[in-house]
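Each chain is listed here by its residues.
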Amino acid sequence: MNKISDAVISRLPRYYRYLDELRQQNVERVSSEELSRLMHVTASQIRQDFNNFGGFGQQGYGYNVQSLYEEIGKLLGLDTNHSMVIVGAGNLGRAIANYGNFKNRGFDIVALFDQNPALVGMKVGDAEVRDIETLYDFVKENKVEIVALTLPKEPATEIAEKLIDCGVKAFWNFAHTDLSFSDDIIVENVHLSESLMKLTYRLFENQKQQKNEE
């Protein structure tokens, strides 16, 4: 199979989410045209995306919702559980730990870590906040796959490098810095402020357009 573009990969979670909604509505099958109307993606683009993975559909029938949901889940690695820890038990870290849908998707948040003694021992969701001094031993002993970094940018790189030495292969990085390592280390850099600025840009453009039409 040819290398799949980042644009296609970025759409897979959206397909998965919309298919889940259709499942909950007891919809058994869906066409690319119907998905197109729901998702505001062209039917042609949907078919092209799915063809990267062998198609999934039948001409004249469309897509079986449950089957397509399961197949995309497998592509996203959601058919197995993934152990995950959060480094940084501030507001963002605790919000992530309390979000129950991650567990439903197979992400098992097993612990949070922080240097603030006032937070150590706190129960957040199904996990406990632990002293950050115990982080590296915990990760090695529990074979943690994914680490979410919700801490200031200054210590993020150093902590991530030490975690790589402990066997971590994937980082969900909310620290205000872009992390980049060797090709075998997967990093998803998330900048919430950038997303908000995209929103304000679009808001500003809409306001300008409305003024020009007046």
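In this report, the structure presented in the accompanying data block is examined. As the structure is a computational prediction, the values presented were derived from the model and not from experiment.

**Digging into the overall build of the protein chain**
Working step 1: Tallying secondary structure elements over the protein chain gives nine helices and nine strands in all.
Working step 2: Its C-alpha atoms give the protein chain principal-axis dimensions of roughly 60 × 50 × 35 Å.
Working step 3: For the protein chain, with 214 residues in total, the buried portion stands at 38%.
Working step 4: At a minimum sequence separation of 6, the contacts of the protein chain that also span at least 24 residues come to 55%.
Working step 5: Accessible surface, the protein chain as shown: approximately 13,400 Å² in total, 47% of it carbon and sulfur.
Working step 6: Side chains of the protein chain give 23 positive and 31 negative charges; the mean places of these two sets differ by 4 Å.

**What about the pattern of salt bridges?**
Working step 1: Applying the stated criterion across every chain yields a total of nine salt bridges.
Working step 2: With a closest N to O distance of 3.1 Å, Lys208 and Glu205 form a salt bridge. Of this pair, Lys208 and Glu205 both sit in helix H9 (residues 192–213), three residues apart, roughly one helical turn.
Working step 3: Residue classification places Lys208 among the partly exposed positions, given a relative accessible area of 36%.
Working step 4: A cluster of three or more residues bridged by salt bridges with shared partners is formed by Asp20, Arg23 and Arg105.

**A look at the side chain of Ser32**
Working step 1: Structurally, Ser32 is set in helix H2 (residues 32–39).
Working step 2: With a relative accessible area of 6%, Ser32 lands in the buried category.
Working step 3: In terms of polar contacts, Ser32 uses its side chain to reach the side chain of Glu33, at 3.3 Å.
Working step 4: Every residue in contact with Ser32, bar those within four places of it in the chain, is listed here: Ala43, Ile46, Arg47 and Tyr63.

**Focus: the environment of Val187**
Working step 1: Checked against the element boundaries, Val187 lands in strand E9 (residues 186–189).
Working step 2: Setting aside its immediate chain neighbours within four residues, Val187 contacts Phe171, Asn173, Leu179 and Phe181.

**Structural notes on the packing of aromatic side chains**
Working step 1: Counted by the stated rule, this structure contains eight aromatic pairs.
Working step 2: An angle of 80° between the planes, with centres 4.7 Å apart, marks the rings of Tyr99 and Phe102 as edge-to-face.
Working step 3: In this structure Tyr99 comes out as partly exposed when scored by relative accessible area, which is 43%.
Working step 4: When the centroid spacing of 5.6 Å and the interplanar angle of 85° are considered together, the rings of Phe102 and Trp172 count as edge-to-face. With Phe102 in helix H6 (residues 100–104) and Trp172 in strand E8 (residues 170–173), this pair connects stretches of sequence that are 70 residues apart.
Working step 5: Aromatic rings pair up to connect Tyr99, Phe102, Trp172 and Phe174 into one cluster.
Working step 6: Against the face of Tyr69 rests Arg23, its NZ or CZ located 4.0 Å from the ring centre.

**Considerations on unusual backbone geometry**
For residues that are not glycine, phi is negative in most cases, and the peptide bond is trans in most cases.
Working step 1: Although it is not a glycine, Asn26 sits at a positive phi angle of roughly 65°.
Working step 2: Assignment of secondary structure puts Asn26 in the loop between helix H1 (6–24) and strand E1 (29–30).
Working step 3: The backbone phi angle of Lys143 is positive, close to 50°, even though this residue is not glycine.
Working step 4: Looking at where Lys143 falls in the secondary structure, it is placed in the loop between helix H7 (135–142) and strand E7 (146–149).
Working step 5: Under the relative-accessibility criterion, Lys143 is labelled exposed at 71%.

**So, helix H8 (residues 153–165)**
Working step 1: All of the buried residues in H8 are Ala156, Ile159, Ala160 and Leu163. An end-on view of H8 places all buried positions within 105° of arc, on one side of the element. Exposed residues on H8 whose side chains face more than 90 degrees from its buried face are Glu154 and Asp165.
Working step 2: Structurally, H8 contributes buried residues whose contacts are with strand E3 (82–87), H7, E7 and E8.
Working step 3: Once H8 finishes, Gly167 follows within two positions and takes phi at roughly 105°, a positive value.

Criteria and thresholds
Residues numbered from 1 in each chain as written. Predicted model: local features only at pLDDT ≥ 70, side-chain atom pairs only at ≥ 80, totals over all residues. Heavy atoms only, no water. Helix = DSSP H or I, 4+ residues; strand = E, 2+ residues; numbered from the N terminus. Buried < 20%, exposed > 50% of the residue type's maximum accessible area, 1.4 Å probe, protein only. Contact = heavy atoms within 4.5 Å. Areas by Shrake-Rupley, 256 points an atom, 1.4 Å probe, with all protein chains shown as cover. Lys, Arg positive; Asp, Glu negative; His and termini not counted. Charge placed at Lys NZ, Arg CZ, Asp CG, Glu CD. Salt bridge = Lys/Arg side-chain N within 4 Å of Asp/Glu carboxyl O. Polar contact = N/O pair within 3.5 Å; in protein donor to acceptor, adjacent residues only side chain to side chain. Phe/Tyr/Trp six-rings, centres within 6.5 Å; stacked < 30°, edge-to-face > 60°. Lys NZ or Arg CZ within 6 Å of the ring centre and 35° of its normal. Arc of directions from axis to C-beta.

By themselves, these observations are geometric and do not establish any function.
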